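Coordinate analysis (summary)
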Amino acid sequence: MDKTSARFKLTESDWERIPIRNFPGGGRLLGGDWTRIFHSKLKQSNPWCSLRFKNNHVRSINSRKSQSAPFFRGSGECKLPECGVTLKFFIQEEKGKSVEVNYFGNVCHKVKK
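Here goes a summary of the coordinates provided. As the structure is a prediction and not an experimental result, all values here were calculated from the model.

Looking only at helices and strands, the chain has 2 helices and 7 strands in total. Written out in order from the N terminus, the α and β elements of the chain read β-α-β-β-α-β-β-β-β. Counting every position in the chain, which comprises 113 residues, the buried fraction comes to 35%. Split by element, the accessible area of the chain, about 7,500 Å² in all, is 47% carbon and sulfur.

Take a look at the structure:
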């Protein structure tokens, strides 16, 4: 992979499909179609990997880190065992318009004959 970072935009209609789920203990997660939306947008920067999302953390409402912590952070990896690509993504502001993506590793997919 020649890029190690990428960025994609989230529109207002994307955010309408991504509700924020609140839990009694104070935790929050993205809900709805966030994985489908992210997957389709990540295909622009990495069309080779079949991605699996692993973590999904939304900053707590009463977080003391509200100025320094990103609103959302998550990670993923390629599902294929021979490929070692992992990624981390961040949204800095609540309902932010852009998602920062950092890729790690090299794409290594076997070519089908």
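Still more ground to cover, so stick around.
To continue, consider the packing of aromatic side chains. Counted according to the given criterion, the structure contains 10 aromatic pairs. Between the aromatic rings of F38 and F89, the centroid separation amounts to 5.5 Å while the plane-to-plane angle is 70 degrees, which identifies the pairing as edge-to-face. You can see F38 sitting in helix 2 (residues 34-42) and its partner F89 sitting in strand 6 (residues 86-91), a full 51 residues away along the chain. Residue F38 is classed as buried on the basis of its relative accessible area, which comes to 0%. Feature note: the residues F8, W34, F38, F53, F72 and F89 constitute an aromatic cluster, connected by ring pairs.

This paragraph deals with the environment of G32. Considering the arrangement of structural elements, one finds G32 in the loop between strand 3 (28-30) and helix 2. Using a relative accessible area of 56% as the deciding quantity, one classes G32 as exposed. Separated by 14 residues in sequence, G32 and I18 have C-alpha atoms that sit 5.0 Å apart. Those residues in contact with G32, other than ones at most four positions away along the chain, are R17 and P19.

On to the pairing of strand 7 (residues 98-104), then. The two faces of the sheet receive side chains in turn, since in a regular strand these alternate between them. Burial along strand 7 is one-sided: the face carrying V99, V101 and Y103 is buried and the face carrying S98, E100, N102 and F104 is not. With 5 bridges connecting them, strand 1 (residues 5-9) and strand 7 associate as antiparallel partners. Bridging across to strand 7, A6 finds its partner in V101. As defined by bridge partners, strand 6 adjoins strand 7 across 5 bridges and the pair is classed as antiparallel. Along strand 7, the bridge assignment pairs F89 with V101.

Let's shift gears to helix 2. Buried within helix 2 are the following residues: W34, I37, F38, K41 and L42. For helix 2, the angular spread of the buried residues around the axis is 125 degrees, confining them to a single face.

Rules and cut-offs
- Residues numbered from 1 in each chain as written.
- Predicted model: local features only at pLDDT ≥ 70, side-chain atom pairs only at ≥ 80, totals over all residues.
- Heavy atoms only, no water.
- Helix = DSSP H or I, 4+ residues; strand = E, 2+ residues; numbered from the N terminus.
- Buried < 20%, exposed > 50% of the residue type's maximum accessible area, 1.4 Å probe, protein only.
- Areas by Shrake-Rupley, 256 points an atom, 1.4 Å probe, with all protein chains shown as cover.
- Phe/Tyr/Trp six-rings, centres within 6.5 Å; stacked < 30°, edge-to-face > 60°.
- Contact = heavy atoms within 4.5 Å.
- Pairing = 2+ DSSP bridges.
- Arc of directions from axis to C-beta.

Keep in mind these values describe shape, not function.
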